[in-house]
Each structure stands twice: as C-alpha cells, then as structure tokens.
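Residues per chain, in single letters:
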Amino acid sequence: MAQEQKKVDSLWNDWNFRISPYFWFIGLEGTIYRPPEPTNFPIPPPPKYDIDVGFKDIQNSIKFALMLAGQYRAKDIVAQFNYSTLILESEAITPLELIFQDNIIKLTYMSGDFGIGYRLLKKKKIETDILLGSKFLYFKIDLTTNLKGDIPITGRRSNFWLDPVIGTNLRYRPHKKIEFVGYADYGPRILNDINSYQFIINAKYLFTKTFMASFGFRSYHLDFPADEAIFNGNINGFYIKIGFQF
C-alpha cells in the first residue's frame, strides 16, 4: 500500500511542460515621463509626474492585455519564460486646458524574460533551480492633443531594453495537489546603466494531474536614466493563473 501511494503521488509531479495564461492586476508606483509637445525651441527636460495607482484606478483605461507563462523541466535542465503586454489609454486634464484640449495619453508596456538553467535540488517536496537568461522591456507613451480644439499635435517617446539576468526558482510541495513557488531575478548593470529586478510568489492547486490554478503576487522594479526613462519605479500586483501540465 505504501509503494502504491508513493507511485500515485509521484504521478502528480511527473510533468515536462507547463503552459499558463494569466492576468496580472497591475498597479504603478513611481514616475512617468511624458513626451513634450513638438516645438521649434530647444527641447526641455521631459515633464514628469509621480504616480501611485492600483488596479482599481486604471482598470477602466485598459485597452488590451495579454499574459502568458511557460516552463519545460527535464531531469537536470529547466527552461521557462514570462510574457506580458498591457495598453492603457486615458484622458488627461492639464493646467493649459483652455489652450490644449482633448488630451489623450496612451501607455504601452511589454515585457518578458527567458531563462535556462540547472536543477540543483530535486527532492520529493523541495526543488531549486538556478537560471541564466535575458529580459526585455518595451515602453511607449503617446500624447495626442488639440491646440484650441482646432490644430492636432502629437508627441511620442519609446524605449526598448534588453539585458542578461540571473534567476532562481524555489518550489515546495507539502501535498501532491499543493505547491508554493517563488521566483526572483536580477539584471546586472553590464551593458548599460539600468537597474532591474523582479520577484514572483504564488500558491498553486492541482485539480487534476493536468489542470491547475494559482494565485500570487508579482513585483517588477525598473530604474532607467532620466533622459531615457518613460517610467521608473515598481510595477506590481496580484495575479491569477490557469495552467496545464503534461
């Protein structure tokens, strides 16, 4: 009976692939750098605004969202990715409302990371991985406005960034149907003067040997030089994930 129970329990952890669509209830805490309006004069430093908003504050501004995560696990090798896209659009009220009207700000955020590494610890209840990979980020902010309601003008700034990262996974299985998972990575300042790191924690429940759901929290920190930045600060929030393993 003990041998049979051990065999049944191992079947729940006998997987090679996991694919998981998810939704991240994003909040923003930091500084947004707005693109300046076109001008014939020397370009001043980009206007900036300190923000601290949760998902409730931006949910009505969401125009598009796509988020997906996946993992491959062999005996000694592990590979994984995370990808997320979010487009926000809202109307801004400025002190020059009598001159500049219909101020529309559109913020596009895309990020992802990929890592491949070695499974250091492969116990029945505890697993640990070390990964090397890369992380990318794309930010774009558009401003559309009308001069006295008649003359349309626009402004835009965008930034694409790619950097190597080192990361680690930690997984704890107190029960065949329950997992607690943690992930963290750091992007060293090797190729540029950009500081970034993130961490993810979640609790996972397996309804069957194939289908699972998890609830967790993700925090992503960014620090760009001010003359290149569109957003500096923390992007964080809870998320819900539906996944499949096989």
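Residues numbered from 1 in each chain as written. Predicted model: local features only at pLDDT ≥ 70, side-chain atom pairs only at ≥ 80, totals over all residues. Heavy atoms only, no water.

A surface patch of nonpolar side chains, about 910 Å² in accessible area, is lined by Phe17, Ile19, Phe25, Tyr72, Phe215, Phe238, Ile240, Ile242, Phe244 and Phe246. Mapped by element, the contributors of at least two residues to the nonpolar patch are strand S1 (17–24) and strand S12 (231–245). Secondary-structure assignment places Phe246 in the segment after S12. For Phe246, a relative accessible area of 57% corresponds to the exposed category. (Patch = residues over 30% accessible without salt bridge, like charges linked within 9 Å, V, L, I, M, F, W, Y side chains within 5 Å. Areas by Shrake-Rupley, 256 points an atom, 1.4 Å probe, with all protein chains shown as cover. Salt bridge = Lys/Arg side-chain N within 4 Å of Asp/Glu carboxyl O. Helix = DSSP H or I, 4+ residues; strand = E, 2+ residues; numbered from the N terminus. Buried < 20%, exposed > 50% of the residue type's maximum accessible area, 1.4 Å probe, protein only.)

The nonpolar side chains of a soluble globular protein tend to be buried with one another. Counting residues in hydrophobic clusters, the biggest one holds 30 residues, and the most contacted among them are Trp24, Ile26, Leu107, Tyr109, Phe139, Leu222 and Ile235. Mapped by element, the contributors of at least two residues to this core are S1, strand S2 (27–33), strand S4 (62–73), strand S5 (77–91), strand S6 (100–122), strand S7 (126–147), strand S11 (211–223) and S12. With four residues, the top contributor of residues to this core is S7. The residues contacting Leu222, other than those within four sequence positions of it, are Leu137, Phe139, Trp161, Asn195, Ser196, Phe231, Asn232, Gly233 and Ile235. (Core = buried A, V, L, I, M, F, W, Y, C linked by side-chain atoms within 4.5 Å. Contact = heavy atoms within 4.5 Å.)

The subject of this paragraph is the pattern of salt bridges. Taken as a whole and judged by the stated rule, the model has eight salt bridges. Put simply, Glu127 and Arg73 hold a salt bridge, and the shortest N to O gap is 3.2 Å. Within this pair, whereas Glu127 is found in strand S7, its partner Arg73 is found in strand S4, the two being separated by 54 residues in sequence. Here the two residues Glu127 and Arg73 agree in accessibility, since each one is buried. Between Asp185 and Lys135 there is a salt bridge; the shortest N-O distance is 2.9 Å. Highlighted residues: Asp185 in strand S9 (residues 178–187) and Lys135 in strand S7, separated in sequence by 50 residues. Like Lys135, Asp185 is buried. Here the salt bridges share partners, and the residues they tie into one network are Arg18, Arg73, Arg119, Glu127, Arg171, Arg173 and Glu179.

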